[in-house]
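Breakdown of the fold
Given next are the chains, with one letter for each unit.
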Amino acid sequence: MPRILMTVIRYCITNDDHQVKKLLMLYWELVPKYSADNKLLPEMILVCNALRNDIMSPNEFIRGCSLRFLCKLKEQEILEPLIPSIKAALAHRHAYVRRNALTIHSIYQQFGDAMLPDAGELMEAFIQSETDMSARRNAFLMLFNGAENVAIDFLTEQADNIHKFGDSFALLALELSRKTCRRDPSQKGRFLKCLFELLQSSSNSVAYEAAWTLVSLSTAPTAVRNAAQTFTKLLLNSNDNNIKLIVLDRLIDLKTHHSKVVQEIIMDILRALATPNIDICKKTLGLAIDLVNPRNIEDVMNILKKEVMRVQDAELDYKEEYKALLIQSIHKCALKFAEVVDSVVLVLLEFLAGDGGVEVMKCVKSVMEQYPHLRGTIISKLLENFNDITNTEAYRIVLWIFGEYAHTGIVDEDEEVTPENMESVELLLNTYNTVKDYLGDAPYITAKAAAVA
């Protein structure tokens, strides 16, 4: 509505009602400001004067809103006369006004040194004395985009206090460090102290970004170790499953190039198995199995065995799937490290009931093929728990094991009988009698068919 411009100027610009001021700003933004020959309308001089009055108003709300509104204006001829008043607002006693006075950043982005040749010096002086977190962050953003060296110097000076500057400032500082170091890797040393400080942040987002930035900038064991510990802390302390999954992905990436460092925290990583989410458990187990070594195998196996026992009595929607996943993980560890096989297998044989019995028997079958000295002990344990089996596939594997290994050590008629051979004979007879007793008398038909007969 360009024809009401003079009416608005006459009757609205002196009104201090906040709602009217908001509508007036919308009108200033939308109304055509140039004539058909592309010259600034004479009425805009009055508008410019009205804006100057608003950004010098004793009312902090009107003053702050008016300063923020100037970000929407793109006309240099209107903004240029307002620059001194905007600069004066940078020293206002109220933080709300100072925060919005940083609309000067928007003006600098549009017109550069043409309107603000002293922008860098202005922001450097402002940020040194500013105490408001939001205003300091906005000033640092302007330095980040317009005077990067000044921003780096300020960040280096304030490295010890950066955790007091707020999360938004910290995230901006991390972005500056990544941008600078990608362009000039020799600058990495200037940011390390700041990054180590931000690893201790109480904010999950800041700690995560700091850890990721630190790993991307440095491959030193100390830096990687601190980053890995930060990721683990986020994994254990966060209540958001999405964050846990993202952190696990980062740990998996970290393991690719720094497996020895990540191995040091494997026990902490395994604590994530307490999270009631099957996807998190899958990733945690996959990561842990890749990190197992002779030094930590016993501790890892103890945790996995305890977890199997816990799941057995737990009420979980994914109980059988998780139980099978744990058994598969134990199986992989057992095949890689012979020293834990005997204790692991005997524990697994306690969980033959249900569908999980199939995974147990697959594990037991592989172990018996690879470690012959355990065959007699395992068969004896299988005979003790034979009645617990409820899955037909598990039965099939057990009977195959009996047929393949129960006769091991039996002597021919012309060979000498020794105590070891005698034990094998007893084991074979015990196996045969157990299966026979379980089957019952011939003919072998179902109970239902027998009742009908």
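Below: a short report on this structure. This is a predicted model, so every value here is computed, not measured.

Bringing the overall build of the chain into the picture now. If you tally the helices and strands in the chain, you get 27 helices and zero strands. Referenced to the eigenvectors of the C-alpha coordinate spread, the extents of the chain come out at roughly 120 × 60 × 40 Å. Out of the 453 residues belonging to the chain, those deemed buried represent 48%. Counting contacts in the chain only where the partners sit at least 6 residues apart, residues at least 24 apart contribute 63% of the total. Carbon and sulfur atoms provide 52% of the accessible area of the chain, an area that totals close to 23400 Å². The centroid of the 49 positive side-chain charges in the chain is displaced by 11 Å from the centroid of its 60 negative side-chain charges.

Glancing now at the side chain of Lys-244. Locating Lys-244 in the fold gives a position in helix α16 (residues 241-257). For Lys-244, which is buried and forms no salt bridge, the nearest opposite charge comes from Asp-240, at a distance of 9.0 Å. Ignoring sequence-local partners within four residues, the contact set of Lys-244 consists of Leu-235, Leu-236, Ser-238, Thr-275 and Ile-280.

Let's shift gears to the nonpolar core. By size, the foremost hydrophobic cluster in this structure holds 150 residues, and its most contacted members are Trp-28, Met-123, Phe-140 and Tyr-322. Among the elements that line this core, the one with the most residues is helix α19 (residues 278-291), at eight residues. Non-local contacts of Phe-140, meaning those with residues more than four positions away in its chain, are made with Ile-127, Ala-151, Phe-154, Leu-155, Phe-169, Leu-172, Ala-173 and Leu-176.

Our focus in this paragraph is the pattern of salt bridges. Per the stated rule, a full pass over the model turns up 16 salt bridges. The residue Lys-283 makes a salt bridge to Asp-249 at a minimum N-O spacing of 2.4 Å. You can see Lys-283 sitting in helix α19 and its partner Asp-249 sitting in helix α16, a full 34 residues away along the chain. The exposure class of Lys-283 is partly exposed, given its relative accessible area of 28%. Assessed through its relative accessible area of 33%, Asp-249 is described here as partly exposed. Across the pair Asp-268 and Arg-271 runs a salt bridge whose closest N-O atoms are separated by 3.7 Å. The exposure class assigned to Asp-268 is partly exposed, which follows from its relative accessible area of 32%.

A few words on helix α9 (residues 119-129). For α9, the set of buried residues is Ala-119, Leu-122, Met-123, Phe-126 and Ile-127. The arc that holds every buried residue of α9, seen down its axis, measures 120°, which confines them to one face. Turned more than 90 degrees from where α9 packs its buried face, Glu-121, Ala-125 and Ser-129 sit exposed. Buried residues along α9 sit against α6 (83-89), α7 (95-101), α8 (104-111), α10 (133-146) and α11 (148-157).

Taking 1.5 Å of rise per residue, the 14 residues of helix α25 (residues 392-405) would be expected to cover 20 Å, and the 20 Å separating its terminal C-alpha atoms lies within 8% of that figure. Buried within α25 are the following residues: Ala-394, Tyr-395, Ile-397, Val-398, Ile-401, Phe-402 and Tyr-405. Take α25 and look down its axis: the buried residues cluster within an arc of 165°, on one side only. Exposed residues on α25 whose side chains face more than 90 degrees from its buried face are Thr-392 and Gly-403.

So, on to the environment of Lys-365. Considering the arrangement of structural elements, one finds Lys-365 in helix α23 (residues 356-370). Assessed through its relative accessible area of 27%, Lys-365 is described here as partly exposed. Note: C-alpha distance between Lys-365 and Arg-375 (10 residues apart in sequence) is 9.6 Å. Those residues in contact with Lys-365, other than ones at most four positions away along the chain, are Ile-397, Trp-400 and Ile-401.

Packing of α8 against α10 brings their axes to within 10 Å, and their N-to-C directions diverge by 15°. The orientation of α8 with respect to α10, classified from their angle, is roughly parallel. As for how α8 packs across α10, the hand of that crossing is left-handed. Across the interface between the two elements, Ile-104, His-105, Tyr-108 and Gln-109 from α8 touch Leu-141, Met-142, Asn-145 and Gly-146 from α10.

Scoring rules and cut-offs
Residues numbered from 1 in each chain as written. Predicted model: local features only at pLDDT ≥ 70, side-chain atom pairs only at ≥ 80, totals over all residues. Heavy atoms only, no water. Helix = DSSP H or I, 4+ residues; strand = E, 2+ residues; numbered from the N terminus. Buried < 20%, exposed > 50% of the residue type's maximum accessible area, 1.4 Å probe, protein only. Contact = heavy atoms within 4.5 Å. Areas by Shrake-Rupley, 256 points an atom, 1.4 Å probe, with all protein chains shown as cover. Lys, Arg positive; Asp, Glu negative; His and termini not counted. Charge placed at Lys NZ, Arg CZ, Asp CG, Glu CD. Salt bridge = Lys/Arg side-chain N within 4 Å of Asp/Glu carboxyl O. Core = buried A, V, L, I, M, F, W, Y, C linked by side-chain atoms within 4.5 Å. Arc of directions from axis to C-beta. Expected span 1.5 Å × (residues − 1). Axes fitted to C-alpha atoms, helices over the stretch in contact; angles between N-to-C directions. Parallel < 35°, antiparallel > 145°, perpendicular 65-115°, else oblique. Left-handed = near helix turned anticlockwise from the far one by under 90°.

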